[in-house]
Amino acid sequence: MSLIPFNFKSSLRKIFIFFFGYGNYIKLHVFLKYKKPITLRLDIAATCNAQCPFCPRVYMDEGRLVGSMDFEKIKSILISAKKYGFKNLKVYITSEPTVHKQFNEIMKFSKELGFTNYVSSNASLIPRAIEGLKYVDHLQISVEGWDKESYEKYRFPLKFDKVYENLKLLNKEIPLNKQNRYIHVPITKKTNLKKFALLWGEFVSHINIDFMQPANIYSGGIMKSEFNDVIKDDYYDFTPFDDNFVCFDPFSEIVVAYDGKIMLCCLDFSASYNLGNIEEGFEILVSNKIRKIIQKQFFTQKLNTCKDCSMFYKPSKDAIKSLLKQVDLINSSNITKAKLITKLNF
C-alpha cells in the first residue's frame, strides 16, 4: 500500500477534534461553511425503473413509489431556491431522475438559473435524456456488477447490454473532459473489483469505492438499518459506531420529496419526520423545530434519530485493509484510465 501524503488540513482537523471533540468540530464547520444550506435535493420523480435489492425502496410504502413533480412546480421551487442562496441542485434521492418526462427541460432551466447540477442515473434511459445530461456538471453513473450476470442481479430488471450501449452513446455525445463523470460502487464480499474497473472504467474519470451498507428505514421516529435477506450473504460484517458521529447533511441540504414533503437527508426514503413542506418556504424550513433538534444531537454527540443510520456502520479493519490493497494494486497497474478512489481509513 502506498504512503499517504501529508495533508495539512486533515492534520489540523484531527488536532482540533482531539482537543475539542467531534461536536465542536461540527459546530465550527457549520459556522464556517453552512450558516445556510447550499444544496437543494429534489426528487423530481418518485418512480424508478429498477428494483435493486440493496436499495431502501424495497421497504417503502407503495403509495410513495410512484408519481412525479409538476414541471411548473419545479421551476417555482428552483427560482425560490436561487433567491434564497442555494448553489447546487441534486435531482436524485429515492428514484431514477431521467424517468421524468421533462428531465431535459428541468436540467436546462436549472443551468440557466446558475445552479451547479448533480445527477445520479442508472443509465438505462440515456438516449432520451442525453440533451438534459449536457447541462449536468457532475454525473454519477449507478452501476453494480462486473459482468452481465452480476449486473442484472444487482440492477434487476435492467439489462446489461442496453446500459452498456447507452454508456457508449454518452461518451460519444458528452466527452469525459466536458463533465465530471464517475461511478460510486458499494462493494460486497463477491465483488470482483478488477473486473469491475476493466468493464466500466472507460466511461468515467474515477470510481468511488466503499462497502455496500444496509438500507435505512424510518421506524418509530428514528432511522434503522436493515440488511436485505435476498443478498444477506453478500454483505461484509459491520459494527455500529459508539461515538464520533459526523454528518453535515442536516446542515448543508434541504431535501424535497416529489410531493413537496421535506426529507431529513438523501437516505430518508420515508419523508416521515414532519420537517415541513416546500410550500412553507425556505426560511421556515431551515428553522424547523425537529430539524434543529436533530442538528443539536450532532453538536452534543448524543444521537437518537440518526444513531442507527447505515452511515455509522463500519466494516472490520481487515476488510478495509484488504480493499485498500486492491485499490492500490489496480491503480498502479494502469489497467484502466479511471482512477479508483476510496476515503476509507482504519
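Residues numbered from 1 in each chain as written. Predicted model: local features only at pLDDT ≥ 70, side-chain atom pairs only at ≥ 80, totals over all residues. Heavy atoms only, no water.

This next bit is on the overall build of the protein. In terms of regular secondary structure, the protein is built from 11 helices and 13 strands. Taking 346 residues into account, the globule formula puts the C-alpha radius of gyration at 20 Å, and the protein, at 20 Å, falls close to it. Principal-axis analysis of the C-alpha atoms places the extent of the protein at approximately 50 × 50 × 40 Å. When contacts within the protein are restricted to residue pairs at least 6 apart in sequence, long-range pairs at least 24 apart make up 73% of them. When the accessible area of the protein is evaluated, it comes to approximately 17400 Å², of which 53% is carbon and sulfur surface. Of the side-chain charges in the protein, 50 are positive and 36 negative, and the distance between the mean point of each set is 7 Å. (Helix = DSSP H or I, 4+ residues; strand = E, 2+ residues; numbered from the N terminus. Rg over C-alpha atoms; globule rule 2.2 N^0.38 Å. Contact = heavy atoms within 4.5 Å. Areas by Shrake-Rupley, 256 points an atom, 1.4 Å probe, with all protein chains shown as cover. Lys, Arg positive; Asp, Glu negative; His and termini not counted. Charge placed at Lys NZ, Arg CZ, Asp CG, Glu CD.)

Turning to its location among the elements, D229 is positioned in the loop between β8 (222–226) and β9 (238–240). Note: C-alpha distance between D229 and P53 (176 residues apart in sequence) is 8.9 Å.

Time to look at the pairing of strand β6 (residues 206–211). Remember that side chains alternate between the two faces of the sheet whenever the strand is regular. Two elements, strand β5 (residues 180–187) and β6, share 6 bridges in a ladder whose sense is parallel. Directly across from H184, in β6, lies its bridge partner N208. Sheet topology places β6 next to strand β13 (residues 339–341); 3 bridges connect them, and they run parallel. The residue of β13 that forms the bridge with N208 is I341. (Pairing = 2+ DSSP bridges.)

Opposite charge on two side chains allows them to pair when their charged atoms are near. Tallied over the full model, the rule gives 15 salt bridges. Its salt-bridge partner being K111, residue D137 comes within 2.6 Å of it at the nearest N-O pair. Taken together, the positions of D137 in the loop between α4 (126–133) and β4 (138–141) and K111 in helix α3 (residues 103–113) put the pair 26 residues apart, joining distant regions of the chain. Here D137 falls in the partly exposed class, since its relative accessible area comes to 26%. One salt bridge connects D161 with K148, and the closest N-O pair in it is separated by 3.7 Å. One end of the pair, D161, is in helix α6 (residues 160–173); the other, K148, is in helix α5 (residues 148–154), with 13 residues separating them in the sequence. According to the relative accessible area criterion, K148 is partly exposed, its value standing at 39%. The network of salt bridges with shared partners includes R41, K90 and E253. (Salt bridge = Lys/Arg side-chain N within 4 Å of Asp/Glu carboxyl O. Buried < 20%, exposed > 50% of the residue type's maximum accessible area, 1.4 Å probe, protein only.)

The next point concerns helix α2 (residues 71–84). Spanning 14 residues, α2 covers 20 Å between terminal C-alpha atoms, matching the ideal 20 Å at 1.5 Å per step. Listed in full, the buried residues belonging to α2 are F71, I74, I77, L78, A81 and Y84. The buried residues of α2 occupy one face: seen down the axis, they fall within an arc of 140 degrees. Next to the buried residues of α2 lie β1 (39–42), β2 (88–90), α3 and α9 (282–286). Two residues or fewer after α2 comes G85, characterised by a positive phi angle close to 120 degrees. (Expected span 1.5 Å × (residues − 1). Arc of directions from axis to C-beta.)

Look at α6: 20 Å from first C-alpha to last across 14 residues, which is about the 20 Å you get at 1.5 Å a residue. Residues of α6 that are buried include every one of F160, V163, Y164, N166, L167 and L170, and no others. All buried residues of α6 fall inside an arc of 160 degrees around its axis, so they share one side. Of the surrounding elements, those touching the buried residues of α6 are α4, β4, α5, β5 and α7 (193–200).

A few words on the side chain of N117. Tracing the backbone shows N117 in strand β3 (residues 116–121). On the basis of relative accessible area, N117 is assigned to the buried category, the value being 0%. Separated by 3.3 Å, the side chain of N117 and the backbone oxygen of M107 make a polar contact. A polar contact is formed between the side chain of N117 and the backbone oxygen of Y135, at a distance of 3.0 Å. (Polar contact = N/O pair within 3.5 Å; in protein donor to acceptor, adjacent residues only side chain to side chain.)

Let us now look at the packing of α3 against α4. Taken N-terminus to C-terminus, the directions of α3 and α4 make an angle of 15 degrees; their axes are 7 Å apart at the nearest point. Overall, the two elements α3 and α4 adopt an arrangement that is roughly parallel. The handedness of the crossing between α3 and α4 is right-handed. Facing F103, N104 and M107 of α3, the residues of α4 in contact are R128, A129, I130, E131, G132 and L133. Residue classes in the contact of α3 with α4 are distributed as 5 nonpolar, 2 polar and 2 charged. (Axes fitted to C-alpha atoms, helices over the stretch in contact; angles between N-to-C directions. Parallel < 35°, antiparallel > 145°, perpendicular 65-115°, else oblique. Left-handed = near helix turned anticlockwise from the far one by under 90°. Nonpolar A, V, L, I, M, F, W, Y, C, P; charged D, E, K, R; others polar.)

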